[in-house]
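So you can see what is in the structure, the chains are spelled out below.
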Amino acid sequence: MKVPMRWLKEYTEIPLSAADYAEKMIMAGNGVEGIENTGDLFDHVVVGHVLSCEDIPETHLHLCMVDVGGEEPVQIVCGAPNVAAGEYVCAALDGAHLPGGVKIKKGKLRGYVSNGMLCSGAELDIPTGLYPHCGEEGILVFNEEYAPGTDVKDIFGLGDDVVDFEVLANRPDCLSVWGLARESAAVLDTHCVMPEIAVQEAENVGTFSDYARVRVEDEELCPRYCARVIKNVKIGPSPKWIREYLYGAGVRPINNIVDITNFIMLETGHPMHAFDLSKVRDQTIVVRRAHEGEELTTLDGKEYTLTGDMLVIADAENATGLAGIMGGEESEIVEGTTDVLFECAVFDRTNNRLTSRALGIRTEASGRFEKGVCVPNAMEALERACMLVNMLECGDVVPGAFDFYPHPHEPQIIEAEVDRINRRIACTLSGDEMEDLLERLGFEVEFDGKTLYCTVPEWRLDFETDADISEEILRLNGYDKIPTTLMTGVTMAGKRSDKQILLDTVKRALIGMGYYEAMNFSFISPKWLEKLGLDAADPRMKPIVIRNPLGEDTSVMRTTLVPSLLNTLSLNLARGNAEGRLFEAAPVFFEGKTETTPATEKIALSVGLYGENADFYALRDAIVCLLGQFGIRASVSAGGDNYYHPGRKAVLTCGDKVIAQVGEIHPDVAEAFEIETRVYVAEVNLFLIPELQQPIPAVRPLPRFPAVTRDIALVMNESVEAGPLMDAIRSAGGKLLEDVTLFDIYRGEKLGADKKSIAFALSFRAADRTLTDAEINAALDKILTACARDFGAELRR
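These figures come from a predicted structure and were not determined experimentally. Position labels on residues start from 1 in each chain and follow its written sequence. Two thresholds apply to this predicted model, a pLDDT of at least 70 for residue-level local features and 80 or more for giving and counting side-chain atom pairs, whereas whole-chain, interface and lining totals are computed over all residues. The side-chain quantities take in all heavy atoms of the structure and omit both hydrogens and water.

Asker: Could you give an account of the packing of helix α7 (residues 349-359) against helix α8 (residues 364-371), with specific residues and numbers?
Answerer: Lines fitted to C-alpha atoms define the axes here, with helix axes fitted over just the stretch in contact, and angles between the N-to-C directions of these axes take values from 0 to 180 degrees. Under the scheme used here, helices are H or I runs from DSSP no shorter than 4 residues and strands are E runs no shorter than 2 residues, and both carry numbers assigned from the N terminus. Closest axis-to-axis distance for the α7/α8 pair is 7 Å, and the angle between their directions is 140°. Between α7 and α8, the angle falls in the class oblique. Note that α7 runs across α8; the crossing there is left-handed. Contacts between α7 and α8 involve R349, N352, R353 and S356 from the former and S366, F369, E370 and K371 from the latter. Looking at side-chain class alone, the contact of α7 with α8 contains 1 nonpolar, 3 polar and 4 charged residues. Orientation is classified from the angle alone, with under 35 degrees giving roughly parallel, over 145 giving roughly antiparallel, 65 to 115 giving roughly perpendicular, and any other angle giving oblique. Two helices crossing with the near one rotated counterclockwise from the far one by less than a right angle form a left-handed crossing, whereas a clockwise rotation gives a right-handed crossing. In this analysis, two residues are considered to be in contact whenever any of their non-hydrogen atoms come within 4.5 Å of each other. Under the scheme applied here, ten amino acids are nonpolar (Ala, Val, Leu, Ile, Met, Phe, Trp, Tyr, Cys and Pro), four are charged (Asp, Glu, Lys and Arg), and all others, including Gly, are polar.

Printed below as a string of structure tokens:
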């Protein structure tokens, strides 16, 4: 926010240069982006009185004799069509510098000596709002008489230092001259004097209710609404001092009524709006939510379609303005306006921000309402505006006002212990010193010798706890007064958490098997989940929705890693990679069951592969090997989610818990992810591993005696699963059976319908001797007996 120093000094003493003042404010925690002097635009430009003006033959030029306050008039050649004798003009003398790097030098034009230049307002970069002129059509001619030689900066109010403050979101009170004056007085320990507001109401003009009616239909979005009526308005330019202040603050002067509303917004921090009452239907102002699809044309001429959650200011028929953002074109103040309604209200900051963002409108008013304005001071700002109407004599203030304020502000009191504050800010201030610092900031403080009872000023909206009190005391006392101390702390040996160790082990094992790690966003599109074809009741189909997503593709938190991995595999295929082995270990998210735990997070693993050597068994063995790293022996059985191929999927269980599932992705699901080859995916519930993990047996010495192998082929029904059968063989073989390997599956007419033959390689070994045929045959008999008894499997002859 840009603030002229001269404006600030109306309310507080600043006995420092602009640079020193800015440094003080910065050290107290107030951001200052820069300082500019409005007088740096040009120099050596003075008031000139044109004594004579003669045309130069056969040219458009004029030979002027100009009194510039010197001993003798100077001759200046000028080509402006509006120059004439008797005028008071801006004369740039020899050696003057103008905006844009222009330097004026003595020279000759058409053989006539010219000792300077008569300037237009555009050449001096003086806007018409600051001082009326004809722009580039001719030179700037003063409407008043000034002493020749007077520096024109004094006439335009230039030469003042303007401080550009960086006001943070938690200090909306500093988005005003009054707020910065209070802050400056607190920092510099000077007095801050606010103007005495007195409004002179007109006589014999009736009361407010004779001219307007106001109805607030949504007190939640409009906690306060104040209004007054100004009659017999005389629209015209504002006085010079208001134009200078507005110009210094970066606001373009327009006319006296509009300038008053802008002046009040800058001075008090309260945005205001003025309605032309003759354009308000039925003289009724209604504060309501917009009708769905309602249209509004704003002051900048743009049309907007509104939604039902946007707050508008309406008349008896239509919306005439966006509450707290921008007024409507219908009720705009124009040159012929005679009756005006001043509005000073407070609107809900969240609704204001959402409306402003939805419509793409950003104004000075919306920025202030978004950060928050002081509700109790709304009427004070309105009365100050009416006081300016009296001062400018631009209208009659109608007696009476409308003030909707159903829930008046209640003082906020914060208790803060002196010792606790000193511990927090590392200082040793007394309670009396703290009390003095807080009172400089406008607090009312009671101190009982131990605790400060602080009544927060109504304009400070950023206080919640005693930590905020500590912060104010610290910054006002001075950050430079914090004692210098050596850093202390206890050195602790770092270590990896159990979760990190688990993930490291998983990644190391899979990388060792030739897989590459993939990393994806935790946000996905809900359409990806739909592609899996899960049941609607499945918890994975109820993802957590992100409130403010970047787009639909990243609008929900993923409940499974499979869609992300399939998308990554699809991208690799599309890029021409003939083979792929990828895995991702990351959390998945589900809705919480209580208000205190709105979301739950579980660590999961997804592994996928495709290509020439990819098949179900390769992926299954990889998962079995991975689980073996944690001492987990899982049983393999048919089953799995319906996004797997119905005949090529399996679940791995340990006890009654499903720890993993593996299989070929269903062709329809693969097609949905634009995958045109067979792709295999496994999912592992990593969060179950710590619960199921077993100690890995001690390392055994290398065997000294040879192993004996036997191959058997068993015939069984097609429905018999190989995994459980292998488990039965291991159990029946006892300690002598070292390993079982499935190496062949055969189906044919000789076996009969619904029959298959599975061949196993059995390896027998004893640690202390060479096995005899009798021992091996006895073990084989037990195995065959168990297979026949439990699975109906007979030795193939």
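Asker: Run through the side chain of H645, naming residues and quoting values.
Answerer: Mapped onto the elements, H645 comes out in strand β33 (residues 644-654). To sort residues, take the accessible area from a 1.4 Å probe on protein chains only and compare it with the maximum for the residue type: under 20% means buried, over 50% means exposed, and anything in between is partly exposed. Given a relative accessible area of 18%, H645 falls into the buried group. Aside from chain neighbours lying at most four places away, what touches H645 is E664, I665, H666 and P667.

Asker: Quick one: what's the story with unusual backbone geometry, residue by residue and with numbers?
Answerer: The residue A426 is not glycine, and still its phi comes out positive at about 60°. As for its position among the elements, A426 is in the loop between α10 (418-425) and α11 (431-440). Residue classification places A426 among the partly exposed residues on the basis of a relative accessible area of 41%. Within the chain, E674 stands out as a residue other than glycine whose phi angle is a positive 60°. Tracing the backbone through its elements, the reader meets E674 in the loop between α17 (667-672) and β35 (680-684). E674 gets classed as exposed once you look at its relative accessible area, which sits at 65%.

Asker: Report on the packing of α10 against helix α12 (residues 466-477), specifying residues and quantitative values.
Answerer: One way to put it is that α10 packs onto α12 with a least axis distance of 10 Å and a crossing angle of 65°. In this structure, α10 meets α12 at a crossing whose hand is right-handed. Judged by residue contacts, R420, I421, R424 and I425 of α10 engage D466, A467, I469, S470, I473 and L474 from α12. Its residues assigned to classes, the contact of α10 with α12 shows 6 nonpolar, 1 polar and 3 charged.

Asker: Describe the pattern of salt bridges, naming the residues involved and giving the relevant values.
Answerer: By salt bridge we mean one thing: a side-chain nitrogen of Lys or Arg within 4 Å of a carboxyl oxygen of Asp or Glu. In total, this model carries 42 salt bridges according to the counting rule given. Here D538 ties to R540 by a salt bridge, and the two come within 3.0 Å at their closest N and O atoms. When sorted by exposure, D538 lands in the same class as R540, which is buried. For E664, the salt bridge goes to R678, with nearest N and O atoms at 3.7 Å. Taken as a pair, E664 in strand β34 (residues 657-665) and R678 in the loop between α17 and β35 lie far apart in primary sequence, 14 residues in all.

Asker: I'd love a proper account of the side chain of E294, names of residues and values included.
Answerer: Here E294 is to be found in the loop between β15 (284-289) and β16 (295-297). According to the relative accessible area criterion, E294 is buried, its value standing at 11%. Under the rule applied, a polar contact is a pair of N or O atoms within 3.5 Å (in protein, one hydrogen donor and one hydrogen acceptor; residues adjacent in sequence only if both atoms are side-chain atoms). At a separation of 2.9 Å, a polar atom in the side chain of E294 contacts the main-chain amide nitrogen of H291. With residues up to four places along the chain from it excluded, the contact list for E294 reads R288, Y304, T305, L306, N318 and A319.

Asker: An account of the pairing of strand β26 (residues 451-455) is requested, with residue identities and associated values reported.
Answerer: β26 sits mainly inside the fold: 4 of its 5 residues count as buried. Any two strands are treated as partners once DSSP identifies two or more bridges connecting them. Relative to β26, strand β24 (residues 413-417) runs antiparallel, the two sharing 5 bridges. Residue pairing in the sheet places E417 in a bridge with T451 of β26. Where strand β25 (residues 444-447) and β26 come together, 4 bridges link them in antiparallel fashion.

Asker: Can you lay out the pairing of strand β30 (residues 580-591) for me, pointing to particular residues and giving the numbers?
Answerer: Within β30, 10 of the 12 residues are buried, which leaves the element mostly enclosed by the surrounding structure. Where strand β27 (residues 516-517) lies against β30, 2 bridges are found, and the strand directions are parallel. Within the sheet, the bridge partner assigned to Y516 lies in β30 and is L582. Where β30 meets strand β31 (residues 599-610), 12 bridges bridge the pair, whose relative direction is antiparallel. By the bridge assignment, E591 is partnered in β31 with A599.

Asker: Give a description of a negative patch on the surface that names residues and reports values.
Answerer: The residues that make up patches have over 30% relative accessible area and no salt bridge, and they are joined within 9 Å when like-charged or within 5 Å when they are Val, Leu, Ile, Met, Phe, Trp or Tyr. In short, Shrake-Rupley with a 1.4 Å probe defines the accessible areas, and a residue's cover is counted only from the protein chains shown. When charges are tallied, Lys and Arg are placed among the positive residues and Asp and Glu among the negative ones, while His and the ends of the chain are skipped. We put the charge of a Lys on NZ, of an Arg on CZ, of an Asp on CG and of a Glu on CD. Taken together, the side chains of D432, E433, D436, E439, E444 and E446 present a region of like negative charge at the surface. When residues of the negative patch are traced back to their parent elements, those giving at least two are α11 and β25. Considering each element in turn, the negative patch owes the most residues, 4 residues, to α11. Positionally, D436 belongs in helix α11.

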